[in-house]
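# Fold and contact review
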Amino acid sequence: MSFFVTAGQRLPAWARGGGEHGDIVLGTRACLRRNVTEEPFPGNASPRDRRRLAADLVLLVGARPAFAEGWSVTLSAATEAELRCLREKHLLGPRAAVDEGRVLMLAPDLELTVQIQQEDHLHLHAWRPGLDPAATLAAVLDLDEQLEQDITPAYSENLGYLTARPGHVGTGLTMSALMHLPGLVYSGEIDKVLNALGQLQYAVTGLYGTGSTVRGALFVVSNLVTLGREEEEIAADFRTNIEKLVTYEMMAREQLEQRDAANLADLAWRSLAVLRHARLVSSQEAWDRLSNVRLGVDRGTLPPLAPALLNRAMIGCRTGHLELGAGAPLDADRRAAARASFLRELFAE
Amino acid sequence: MKCQACRIRPATIHKPVAAGEPRWLCERCAAAEARREAENATDPTAMEAFLVDDLVIGADAACPGCGWTAARFRDTQRLGCPACYGAFRSLLMPLLGRLHRHVSHLGRAPRLAGSEPGRLASITRNRAALEKAIAAEDFEAAAALRDRIRNLEDPPPAGPDAP
């Protein structure tokens, strides 16, 4: 069965809710980049060569027990709405190539995914809710070890695993945290914190949108250094820095609460009312309202709502999911109506 | 007009800024500002793009393995194949030092690297050896290689005493 038949109901593993610091760190991802020796990197391969190697890699990944009951999505055969749906679930990067010979493989629980022939031949991803660098690293290294029984990776003793971008060479490991940081955004401290992370060789992008268009106070924080440090050291350093960021966010939230409790409570309740009753909701408004409600729930201003419900709302109210649900492309007005209807149903009292 | 940063050298670059009036800078001050901005940038590729752009590259240098040129590397910040690391070594080493602050790998190595390559590579290597043995009419070696390839393609089940 196609992944997209049930895609609307399927939450990615990072969005299941819970986990350590789950109110601030929505999820953790470990990514290992690997290439097959003596093959050109995908950016330098002809579509035919990409297809040939992709077919072999799909077989090898598909033979692993974790992927036995999973899905394989050929990106060039997916519709625009299906591709959007994958990006909205964060299973495909916003700039991922979708032409011939590119495949996304998904394990049934979506805790493991493999991108075949993106920048590198293989991007192995492990996902968990909350802050969990140890489990994601272990899962992705385990998959790598299984694949190495059949694949000789491009590796040099001096530089480690060779990747298409020199920025990823060495371990090929990037750890990422998907974070909700409204306290730092509202208090105006976010730029300072992001600059400090830059000095520590960490990258920060919007979970959806980049630069000034970061939406819903959602960020992805990732390590940039992949060479000259062991995998476990990268993961431990990542944990330390994300925990610091969690502490700053908690402090910012407390200060906001002390300074402006009435306004914060009003914002949270007003936002929940919009989600429960509005008839037209734009994409930007959905981001803002959902972020306010999430903060209200975390601070105990609003009655408890399952984090998975908020994540389902955040992912499901986006264009690709709405269009897959409707079975047809929707213009902006129809999307606003479909979005409002989806949110009303989800947040009904 | 003098550079608005150093007030010494003549300004040759008109630099737009997000808020307020655009500034006139000399080449050296503009490069220094761009470097500071890239160092503070939080976009993962900004620093890399900036550093690669900064490299003095002979555009006609090419990788003998795949034909990828240094100019293409500068344009895309990507390499063409694993052998490009050797072909562009003199360009890459300083870049890696600035990107990672390290130039040699610590951490995992492929489990089967070196003497025991992956199964696919082993089969390929043994097939090549088999062809050579047949050409040299070394039939004893050829028979042993054939058995080895057969075992690699379809390994015998592990016995009860297997570890």
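Sequence positions are assigned chain by chain, starting from 1 and proceeding in written order. Labels are handed out in written order, letters beginning with A for the chains and numbers beginning with 1 for the ligands. The model is predicted, so local features are restricted to residues of pLDDT at least 70 and side-chain atom pairs to those at 80 or more, both for listing and for counting; the totals for chains, interfaces and linings are taken over all residues. Excluded from the side-chain calculation are hydrogens and water; included are all heavy atoms of the structure.

## Here's the deal with the interface of chain A and chain B
Only heavy atoms enter the contact rule, under which two residues are in contact if any of them lie within 4.5 Å. On the chain B side, the residues contacting the 48 residues of chain A number 44 residues. By buried area we mean the combined loss of accessible area, with a 1.4 Å probe, across both parts when two parts are placed together. When the two sides are added together, the surface that chain A and chain B hide from each other amounts to roughly 3900 Å², 55% of it contributed by carbon and sulfur. Distance and chemistry together define a polar contact, namely a pair of N or O atoms within 3.5 Å, with one atom able to donate a hydrogen and the other to accept it when in protein, and with adjacent residues in sequence counting only for side-chain atoms on both sides. Our count for the chain A to chain B interface comes out at 11 residue pairs in polar contact (both at pLDDT 80 or more). Here a helix means four or more residues in a row that DSSP labels H or I, a strand means two or more in a row labelled E, and each is numbered from the N terminus. Those elements that provide at least two residues to the side of chain A that touches chain B are helix 3 (133-147), strand 7 (160-161), helix 5 (190-199), strand 9 (202-206) and helix 6 (231-277) of chain A. In terms of residues, the side of chain A that touches chain B owes the most to one element, helix 5 of chain A, which gives 4 residues. Three classes are used, and their members are as follows: Ala, Val, Leu, Ile, Met, Phe, Trp, Tyr, Cys and Pro are nonpolar, Asp, Glu, Lys and Arg are charged, and the others, Gly among them, are polar. Here the residues of the side of chain A that touches chain B sort into 19 nonpolar, 18 polar and 11 charged.

## Re the pattern of salt bridges
Residue and element names in this part refer to chain A. A pair is scored as a salt bridge if a Lys or Arg side-chain nitrogen falls within 4 Å of a carboxyl oxygen belonging to Asp or Glu. Within the structure shown, the criterion is met by 25 salt bridges over all chains. Between Glu39 and Arg52 there is a salt bridge, and its shortest N-O distance comes to 3.2 Å. Within this pair, whereas Glu39 is found in the loop between strand 1 (25-34) and helix 1 (47-62), its partner Arg52 is found in helix 1, the two being separated by 13 residues in sequence. Three exposure classes are used, based on accessible area relative to the maximum for each residue type with a 1.4 Å probe and protein chains only: buried under 20%, partly exposed in between, and exposed over 50%. With relative accessibility at 16%, the residue Glu39 sits in the buried group.

## Here we look at helix 9 (residues 319-326) of chain A
Note that an α-helix has 3.6 residues per turn; residues three or four places apart therefore point the same way. Residues and elements named next belong to chain A. Those residues of helix 9 that fall on the buried side of the exposure criterion are Thr319, Gly320, His321, Leu322 and Glu323. If you follow the buried residues of helix 9, they end up packed against helix 2 (80-88), helix 8 (307-316) and helix 10 (332-347). Of the residues one or two after helix 9, Gly327 is the one with positive phi, at around 75°.

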